[in-house]
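Chain by chain, the residues run as shown.
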Protein chains: 2
Amino acid sequence: MTPTITFWFDFASSYSYPAAMRIDRVAAAKGVLVEWRPMLLGPIFAQQGWKDSPFNLYPVKGQYMVRDLERTCGALDLPFQLPRPFPQNSLMCARIATALEGAPRQKFAQAVYQIEFGEGRSIDDPLAAAEALRRAGLDAALVEKAQQDSVKNALRAATEEAQAAGVFGAPAFVTADSELFWGNDRLEQALDWAVAGHL
Amino acid sequence: MTPTITFWFDFASSYSYPAAMRIDRVAAAKGVLVEWRPMLLGPIFAQQGWKDSPFNLYPVKGQYMVRDLERTCGALDLPFQLPRPFPQNSLMCARIATALEGAPRQKFAQAVYQIEFGEGRSIDDPLAAAEALRRAGLDAALVEKAQQDSVKNALRAATEEAQAAGVFGAPAFVTADSELFWGNDRLEQALDWAVAGHL
């Protein structure tokens, strides 16, 4: 059996951007399969008493986050621009990602992150979501279809599942033996854990 | 000229422990000189509206921090035990470290971290501070001497200097060209920046 990790992401999360852009390459090099799982941080933050991103609640952390991501993305040769307002409302794109599976979900997610943090554009807009679908080679009609109750409920259930797994921020990585790792900078450690647990 | 970084630490900070234990080895391997600077996070956190450690204000983050440090310290072959209460009152030891310089400051700091996070013991106690001084080969009488106004003022000024440099958490690393890096997991990046800026 191949080792696997679950990659929990929210399109509102800035540090999920470099993680989404590099996880396949890094995971493949270590022989780990990645399951991409969209979720919403909003309800999870609300349970911690945050009504906004911690990067807005604590501006000094927000300023540092931008500089830190400029450096991190620079080292990965990824463009980085913070969209305004930050964080973006990620609900529409999270539903579309939920309605997709496998490679299409991943390609769509990467296209959204590219638009949002690579180009600094809004993603809370049906036109932007449709553009991300087209960039991923998918049908733009999914923007409408993803607003069904079944998809809404699936995203709600996924967010509850993430929270039950201990997820309190994004990106988060969970191994098959339920070990939780938080942050783009813990990706390698999570993959190594998945490989070691499997031996 | 040799590249240098300033290493800002607080004895109350759990992530400063692995940083303090490994910084000399990692910095020496990259040819960087490290200036150890004690400070107090309390006044800095207070300005962000925190009256306690974020790890207590947000218990789910506190639980994760413990597990994350178990893994990080495990990989470094460092014992890890969280002292109770957490965070420890670091004022007495911070004053002693302020009264020291150079290698004695560093050896004392490492002895404090060893007692606090390696052995999980309280450091807010003249006996513990004296023990750390003895482990560092220093005179235990410094526990008393460090309570002078000149030392108190120097620590207050250092904390203001850290804050002016943008420090909002610990450990923090600042390069000669004022680039700020936050967290034990950014140490290598800070050292690489110091080296590159120097070339």
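Scroll up to find the structure.
Going along each chain's sequence as written, the residues are numbered from 1 onward. Each chain gets a letter, beginning with A, and each ligand a number, beginning with 1, in the order they are written. Selection of residues for local features in this predicted model requires a pLDDT of at least 70, selection of side-chain atom pairs for listing and counting requires 80 or more, and totals for whole chains, interfaces and linings are taken over all residues. Side-chain measures here rest on the full set of heavy atoms in the structure, leaving out hydrogens and waters.

Draft legend 1. Unusual backbone geometry, seen in detail. Residue and element names in this part refer to chain A. Each neighbour pair has its own omega, and for Arg84 with Pro85 the value is -5°, a cis peptide bond. If you check the backbone angles, Ser178 has positive phi at about 70° while not being a glycine. Where helices and strands are cited, they refer to DSSP runs of H or I of at least four residues and of E of at least two residues respectively, numbered from the N terminus. Position of Ser178 among the secondary structure elements: in the loop between β3 (172–175) and β4 (180–182). Relative accessibility thresholds used throughout: buried, under 20% of the residue-type maximum; exposed, over 50%; partly exposed, between the two (1.4 Å probe, protein chains only). Judged by its relative accessible area of 56%, Ser178 falls in the exposed class.

Draft legend 2. Geometry of the pairing of strand β2 (residues 33–38) of chain B. Residue and element names in this part refer to chain B. Paired strands, as defined in this entry, are two strands with at least two bridges between them according to DSSP. One ladder, built from six bridges, connects strand β1 (residues 4–9) with β2; its direction is parallel. By the bridge assignment for β2, Trp8 is matched with Arg37. For a crossover, the right-handed case is the one in which the path from the first strand over the helix to the second runs clockwise, viewed with the strands pointing away from the viewer. Each parallel crossover has a hand, and the one from β1 via helix α1 (residues 16–30) to β2 is right-handed.

Draft legend 3. Structural view of the sheet that holds β3(A). Residue and element names in this part refer to chain A. Overall, mixed pairing links the four strands, which are arranged β2-β1-β3-β4 in an open sheet. Here the strands that pair on one side only, and so sit at the sheet edges, are β2 (33–38) and β4. Put simply, the sheet's adjacent strands are angled 25° from each other on average, direction ignored. Contacts are residue-level and defined by heavy atoms, with any inter-residue pair within 4.5 Å sufficient. Here an axis means a line fitted to C-alpha atoms, over the contact stretch when the element is a helix, while the angle between two N-to-C directions is reported on a 0 to 180 degree scale. Here helix α1 (residues 16–30) sits on the sheet and contacts β1 (4–9), β2 and β3; the angle it forms with β1, its principal contact strand, is near 165°. Along the sheet, helix α9 (residues 149–164) makes contact with β1 and β2, crossing β2 at roughly 120°.

Draft legend 4. Molecular detail of the side chain of Ser90(A). All names here are of chain A. In this structure, Ser90 sits in the loop between α4 (59–75) and α5 (91–99). Under the relative-accessibility criterion, Ser90 is labelled buried at 5%. If near-sequence neighbours (up to four positions away) are discounted, Ser90 is found in contact with Asp10, Phe11, Ala12, Leu40 and Ile123.

Draft legend 5. Region of the structure containing the relation of the copies chain A and chain B. Fitting of the copies onto one another was done by least squares over C-alpha atoms, counting residues only where both copies have pLDDT of at least 70. For the pair chain A and chain B, the best superposition has an RMSD of 0.0 Å and corresponds to a rotation of 180° with a translation of 0.0 Å parallel to the axis. Both copies are brought into coincidence by an operation consistent with a two-fold rotation axis. For chain A, the minimum C-alpha distance to the rotation axis belongs to Asp185(A) and amounts to 3.8 Å. Most of the interface of chain A is mirrored in chain B, where 100% of its interface residues are also at the interface.

Draft legend 6. View of the pattern of salt bridges. Residue and element names in this part refer to chain B. Salt bridge, as applied in this entry: a Lys or Arg side-chain nitrogen positioned within 4 Å of an Asp or Glu carboxyl oxygen. Tallied over the full model, the rule gives 28 salt bridges over all chains. A salt bridge links Asp192 to Lys30, with the nearest nitrogen and oxygen atoms 2.8 Å apart. With Asp192 in helix α10 (residues 187–198) and Lys30 in helix α1, this residue pair connects regions lying 162 residues apart in the sequence. Under the relative-accessibility criterion, Lys30 is labelled partly exposed at 32%. With a shortest N-O distance of 2.7 Å, Arg121 and Glu131 are connected by a salt bridge. Placement of the pair is Arg121 in the loop between α6 (102–118) and α7 (126–135) and Glu131 in helix α7, with a sequence separation of ten residues. You can call Arg121 partly exposed: its relative accessible area is 31%.

Draft legend 7. Molecular detail of the interface of chain A and chain B. Contacts between the two partners involve 21 residues from chain A and, on the opposite side, 21 residues from chain B. The buried area of a pairing is the accessible area, by a 1.4 Å probe, that goes missing from both parts when the two are put together, added over both. Buried area between chain A and chain B, both sides added, is near 2,100 Å², and the carbon and sulfur share of it is 53%. Counting across the interface, chain A meets chain B through eight salt bridges. Glu179(A) is the salt-bridge partner of Arg71(B), the closest N and O atoms lying 2.8 Å from each other. Throughout this description, a polar contact denotes any pair of N or O atoms lying within 3.5 Å of each other; where both atoms belong to protein, one of them has to be capable of donating a hydrogen while the other can accept it, and for residues adjacent in sequence the pair is counted only when both atoms sit in side chains. Scanning the region where chain A abuts chain B turns up 13 residue pairs in polar contact (both at pLDDT 80 or more). Of all the elements in the fold, those that place two or more residues in the side of chain A that touches chain B are α4, β4 and α10 (187–198) of chain A. Of the residues forming the side of chain A that touches chain B, the biggest block, seven residues, is contributed by α4(A). Residues were grouped as follows: Ala, Val, Leu, Ile, Met, Phe, Trp, Tyr, Cys and Pro as nonpolar; Asp, Glu, Lys and Arg as charged; and all remaining residues, including Gly, as polar. Split by residue class, the side of chain A that touches chain B holds ten nonpolar, four polar and seven charged.

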